[in-house]
Amino acid sequence: MDIKRFGNRQGKTIMLLHGNLMCWRQFEDLIPLLEKKFCVYAVSFDGFDGTGETTYTTAQAQADKLAEYIEKELDGRLDLLYAESLGCGPAIFLKASPNIQIGRMILSGPEYLDFGVLNRLILKVMPQKQYRTAHEKYMPAWALRFMGQTEQGMQTMLRRIPDHISLESVRATWEAGLYLYRTDFPVQPDAKVACWYGEKEGHMKKAIQRLRKAYPGLIVRCFPGFGHGEIINHPALLASELERFLTGGGTERCAEESGK
């Protein structure tokens, strides 16, 4: 795992967790918009740090490493945690860590991907396909439709795929995603947590229902016209919304059943 720090050491702290196949560079257009005011920590998970010397295992293992880092470097306190897609699993486990205090958390695109008896078949097929994407830097048409993305919208993300991603790491991320919502998350009634997603993004209705059990005060935000992860391609909007949520704004809800 690699954690890079940017910005104002005296400012409020923001930690950014990337999506699948990405690394900290997924946020390299966002960080300059935040670093003058905030102290920003951008994470590259094990298996995605570009070294070829680490392997992604479980979301819980990543959360444990982050908890250790936050406890040591930030006195156990983080003002805002922003997690994109794959990063949502470690974020949920980190939020439940007894030694860590997270003021506010945003889960962006925490899709419900549990397909029941089909999970084993998916684990035999999909990791190999995504591993090919990681090395060829090409997203097939079916994958773009699944994400609600366009080829043009994916180009920025594809350029930020790090080197040396192993098939073992990719398979572990798929397993983490497929089985995430089978975990009994502790109920945190006072937690300030938001779920963000794009209008074109599928598999969100069950995710929202499941997250609301853990976070009864869950704030749901739908971004019109966006696909999965597309908000990253709009750094000015994302920076503005992050700051608004961090400072106590952005608390309006979408309709309760707005998730697809």
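Presented here is a report on the structure given in the accompanying data block. (Residues numbered from 1 in each chain as written. Predicted model: local features only at pLDDT ≥ 70, side-chain atom pairs only at ≥ 80, totals over all residues. Heavy atoms only, no water.)

Some points on the overall build of the chain
Put simply, the test is: To qualify as a helix, a DSSP run of H or I must reach at least 4 residues; to qualify as a strand, a run of E must reach at least 2; elements of each kind are numbered from the N terminus. The buried label goes to any residue with under 20% of its type's maximum accessible area, the exposed label to any with over 50%, and the partly exposed label to all in between, with areas taken from a 1.4 Å probe on protein chains only. Throughout, a residue-residue contact means that at least one pair of heavy atoms, one from each residue, lies within 4.5 Å. Per-residue accessibility takes into account occlusion by the displayed protein chains alone, with areas from the Shrake-Rupley method and a 1.4 Å probe. Charge convention: Lys and Arg are scored as positive, Asp and Glu as negative, and His as well as the terminal groups of each chain are ignored. Charge positions come from single atoms, namely NZ of Lys, CZ of Arg, CG of Asp or CD of Glu.
Secondary structure summary: the chain contains nine helices and seven strands in total. Scored against the burial criterion, the 260 residues of the chain give a buried share of 55%. Taking contacts inside the chain between residues at least 6 apart in sequence as the whole, the part at least 24 apart equals 80%. Just so you have it, the chain exposes about 11,800 Å², and 49% of that area is on carbon and sulfur atoms. Put simply, the chain has 33 plus and 31 minus side-chain charges, and the middle of one group is 4 Å from the middle of the other.

Quick look at unusual backbone geometry
For L21, which is not a glycine, the phi torsion comes out positive at approximately 70°. Of note, L21 is situated in the loop between β2 (13–17) and α1 (31–34). The backbone phi angle of K137 is positive, close to 55°, even though this residue is not glycine. Mapped onto the elements, K137 comes out in the loop between α4 (119–136) and α5 (141–147).

Some remarks on the nonpolar core
Condition: To define a nonpolar core, start from buried Ala, Val, Leu, Ile, Met, Phe, Trp, Tyr and Cys residues and group those joined through side-chain atoms within 4.5 Å.
One finds M15, L17, L81, L94, L107 and Y215 to be the most contacted residues of the largest nonpolar core, which totals 64 residues. Look past the residues within four positions of L107 in its chain and what remains in contact with it is A83, C88, A91, I92, V193, A194, C195, W196, L211 and Y215. A194, I219, F226 and L242 belong to the second-largest nonpolar core, a separate cluster that totals 25 residues.

Thoughts on the packing of α4 against helix α7 (residues 167–179)
Rules: For helices, the fitted axis covers only the stretch in contact; all axes are lines through C-alpha atoms, and the angles between them, taken along N-to-C directions, range from 0 to 180 degrees. Under this scheme an angle from 65 to 115 degrees is roughly perpendicular, one under 35 degrees roughly parallel, and one over 145 degrees roughly antiparallel; angles in between are oblique. Left-handed describes a crossing whose near helix is turned anticlockwise from the far helix by less than a right angle; the clockwise case is right-handed. We call Asp, Glu, Lys and Arg charged. Ala, Val, Leu, Ile, Met, Phe, Trp, Tyr, Cys and Pro are nonpolar, and the rest, Gly among them, are polar.
Contact pair α4 / α7: the axes reach a minimum separation of 9 Å and the direction vectors enclose 135°. With respect to α7, the element α4 is oriented oblique. For the pair α4 and α7, the crossing hand works out as right-handed. Contacts between α4 and α7 involve N119, R120, I122, L123, M126, P127, Q128, Q130 and Y131 from the first element and L167, V170, R171, T173, W174, E175, L178 and Y179 from the second. Here the residues of the contact of α4 with α7 are counted per class, giving 10 nonpolar, four polar and three charged.

Focus on empty space enclosed by the protein
Applied cut-off: A cavity here means a set of 1 Å grid points, computed over protein atoms only, where a 1.4 Å probe fits but cannot escape. A pocket is an open set with protein on both sides within 12 Å along at least 5 of 7 lines, and lining residues have an atom within 4 Å of a point. Grid points are joined across faces, edges and corners, and a volume is the space filled by probe spheres set on the points.
Summed over the entire model, instances satisfying the criterion amount to one cavity of 30 Å³ or more. In this model, the largest cavity occupies a volume close to 60 Å³. As for the largest cavity, its lining consists of 14 residues, of which S108, Y197, G198, E201 and I231 are closest to the centre. Counting residues per element, the lining of the largest cavity draws most heavily on strand β6 (residues 193–198), at three residues. Here the residues of the lining of the largest cavity sort into five nonpolar, six polar and three charged.

Observations concerning the pattern of salt bridges
Our working rule: The term salt bridge refers to a side-chain nitrogen of Lys or Arg lying within 4 Å of a carboxyl oxygen of Asp or Glu.
Overall, the coordinates contain 12 salt bridges when judged by the stated rule. The partner of D46 in a salt bridge is K65, with the nearest N and O atoms 2.6 Å apart. With D46 in the loop between β3 (39–44) and α2 (59–73) and K65 in helix α2, this pair connects stretches of sequence that are 19 residues apart. On the accessibility criterion, D46 (5% relative accessible area) is buried. The closest approach of N and O atoms between D184 and R210, which form a salt bridge, is 4.0 Å. Note that D184 is positioned in the loop between α7 and β6 and R210 in helix α8 (residues 205–214), a separation of 26 residues in sequence. Ionic contacts of the salt-bridge type, sharing partners, join the residues R25, E28, D29 and R160 into one network.

Observations concerning α7
Every α-helix winds through 3.6 residues per turn, so residues three or four apart in the chain are directed the same way. Counted only if it meets this: Every helix has an expected span of 1.5 Å times one less than the residues it contains.
The terminal C-alpha atoms of α7 lie 18 Å apart, and with 13 residues this matches the ideal 18 Å at 1.5 Å per residue to within 8%. When α7 is considered as a whole, its buried residues turn out to be S169, V170, A172, T173, W174, A176 and L178. Where α7 is buried, its residues meet α4.

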